[in-house]
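As a plain string of letters, each chain reads:
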Amino acid sequence: MAKKRITYLLLVLAVLLLMGSAVGSTRAALTYYSENYMAEITVSQIGVSLLENGEVVSSRDYNRNEWKVNTNRGGSSVNGALLLNMLGPEEKLALNKEYEEKLTVRNSGSIDEYVRVRIYRYWMKDGKKITTLSPDLIDLNLVNEEVWVKSPNETAECTELFYKGILVSGAESEAFADTIRIDGSVAAEAKVERNGDTITTTYKYDGVEFHVDVEVDAVQTHNAQDAIKSAWGVDASSLGIL
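Caption draft 1: Expanded view of the packing of aromatic side chains. Scanning the entire structure with this criterion turns up five aromatic pairs. Measuring from ring centre to ring centre gives 6.4 Å for Trp 123 and Phe 210, while their planes differ by 65°; the resulting arrangement is edge-to-face. You can see Trp 123 sitting in strand β5 (residues 113-125) and its partner Phe 210 sitting in strand β13 (residues 209-220), a full 87 residues away along the chain. No difference in accessibility class separates Trp 123 from Phe 210, as the two residues are buried. Clustering of aromatic rings is evident, with ring pairs tying together Trp 148, Tyr 163 and Phe 176. In this arrangement the basic side chain of Arg 60 is found over the ring face of Trp 67, its NZ or CZ atom lying 4.1 Å from the centre.

Below is the structure:
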């Protein structure tokens, strides 16, 4: 009888050990998957936003294997619009007048990054680019040149700037521009016609539109020298931006 009792107790003990093993495996599995899930939702994300006079014009943020773009034109637009509030209601553009145009960049991602800005200035009329008017007549005043390094490869139409150092997650850069002014010499060339007592002045560039486009992109800080060279084609060390 004693022998049977011992066998029974051993059997019960064996079952308890198996149950304990199963519970342990289950907990290990839950912990394993939990760690993977946490890693997925906190994965490093790069993102960048362009701000005009304190308001976000456009942002591009990488989230869960896709880019999300938001602009002041609406979510369906790829590009935001600058200078929407440059003039007041019924106000007409005044030549040689400085208008506020403070442009900054915000790191809207979850990781630190290096930032580049490309500024395009040009003239249009009837849907076509006017090449006889200089982009310099669109005077976007660049500032903080000690932290915004100008590329040596700039052209008359495109100015390329690199932020010096790392823009940490959530931080906003110093402004790279603060005002915009249209040079009055754009109205210098005019044809004057007299018809009796009527004098008609026709400006050569009457009806032209000025355009300012700004592109902002970012590169991760990991292996930065090679990443910047690959993405932007410049030597970060020689530019002094690292």
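Having seen it, we continue.
Caption draft 2: Here's a closer look at the sheet that holds strand β10 (residues 177-182). Across the sheet, six strands lie side by side as β3-β2-β1-β4-β10-β7; this open sheet has antiparallel pairing. The open sheet has two edge strands, β3 (67-71) and β7 (138-142), and neither has a second partner. For this sheet, the mean inter-axis angle between neighbouring strands, taken without regard to orientation, is 15°. Pairing of strand β1 (residues 47-52) with strand β4 (residues 99-106), which is carried by four bridges, proceeds in the antiparallel orientation. Note that in β4 the partner of Glu 52 across the bridge is Leu 103.

Caption draft 3: The arrangement of the nonpolar core in detail. Core analysis: the biggest nonpolar cluster contains 32 residues, and Trp 123, Trp 148, Phe 176, Ile 180, Phe 210, Val 212 and Val 214 have the highest contact counts within it. Going through the elements one at a time, β1, β4, β5, β7, β9 (158-163), β10 and β13 are the ones with two or more residues in this core. Ignoring sequence-local partners within four residues, the contact set of Trp 148 consists of Val 105, Val 115, Val 117, Val 143, Leu 161, Phe 162, Tyr 163, Ser 173, Glu 174, Ala 175 and Phe 176.

Caption draft 4: Here's a closer look at helix α2 (residues 224-232). Those residues of α2 that fall on the buried side of the exposure criterion are Ala 224, Ala 227, Ile 228 and Trp 232. Axial view of α2: buried residues confined to an arc of 95°, hence all on one face. Packing partners of the buried residues in α2 comprise β5, β9, β13 and α3 (236-239).

Caption draft 5: Looking closely at the pattern of salt bridges. Inspection of every chain in the model, using the stated rule, returns 10 salt bridges. Two residues, Lys 97 and Glu 91, come together in a salt bridge whose shortest N-O distance is 3.3 Å. On the basis of relative accessibility, which here comes to 32%, the residue Glu 91 falls in the partly exposed class. Between Asp 183 and Arg 181 there is a salt bridge whose closest N-O contact spans 3.9 Å. If you follow the salt bridges from partner to partner, you end up with Arg 116, Arg 118, Glu 160 and Asp 217 in one network.

Caption draft 6: Here's a closer look at a nonpolar patch on the surface. There is a patch of nonpolar side chains on the surface, built from Leu 87, Leu 93 and Leu 95 and spanning about 210 Å² of accessible area. With respect to the helices and strands, the residue Leu 87 is situated in the loop between β3 and β4.

Caption draft 7: Representation of the environment of Leu 167 in the model. By the element assignment, Leu 167 lies in the loop between β9 and β10. Residue class for Leu 167 comes out buried when judged on its relative accessible area of 3%. Separated by 52 residues in sequence, Leu 167 and Val 115 have C-alpha atoms that sit 7.2 Å apart.

Caption draft 8: View of unusual backbone geometry. At Asn 53, a position not held by glycine, the phi torsion is positive, near 50°. Tracing the chain through its elements places Asn 53 in the loop between β1 and β2 (55-62). For Asn 53, a relative accessible area of 34% corresponds to the partly exposed category. At Asp 126, a residue that is not glycine, the phi angle is positive and equals roughly 55°. Among the residues examined, Asp 126 registers a relative accessible area of 73% and is labelled exposed.

Caption draft 9: Focus on the pairing of β5. For β5, the tally of buried residues reaches 11 of 13 residues, placing the bulk of the element in the interior. In this structure, β5 lies alongside β13, joined through 12 bridges in antiparallel fashion. Note that in β13 the partner of Tyr 114 across the bridge is Val 219. Direction of pairing for β5 relative to strand β6 (residues 128-130): antiparallel, over a ladder of three bridges. Counterpart to Met 124 in the pairing with β6 is Lys 129. Between β5 and β6, which pair antiparallel in sequence order, lie two residues; one of them, Asp 126, sits at a positive phi of approximately 55°.

Quick notes on the rules
- Residues numbered from 1 in each chain as written.
- Predicted model: local features only at pLDDT ≥ 70, side-chain atom pairs only at ≥ 80, totals over all residues.
- Heavy atoms only, no water.
- Phe/Tyr/Trp six-rings, centres within 6.5 Å; stacked < 30°, edge-to-face > 60°.
- Helix = DSSP H or I, 4+ residues; strand = E, 2+ residues; numbered from the N terminus.
- Buried < 20%, exposed > 50% of the residue type's maximum accessible area, 1.4 Å probe, protein only.
- Lys NZ or Arg CZ within 6 Å of the ring centre and 35° of its normal.
- Pairing = 2+ DSSP bridges.
- Axes fitted to C-alpha atoms, helices over the stretch in contact; angles between N-to-C directions.
- Core = buried A, V, L, I, M, F, W, Y, C linked by side-chain atoms within 4.5 Å.
- Contact = heavy atoms within 4.5 Å.
- Arc of directions from axis to C-beta.
- Salt bridge = Lys/Arg side-chain N within 4 Å of Asp/Glu carboxyl O.
- Patch = residues over 30% accessible without salt bridge, like charges linked within 9 Å, V, L, I, M, F, W, Y side chains within 5 Å.
- Areas by Shrake-Rupley, 256 points an atom, 1.4 Å probe, with all protein chains shown as cover.

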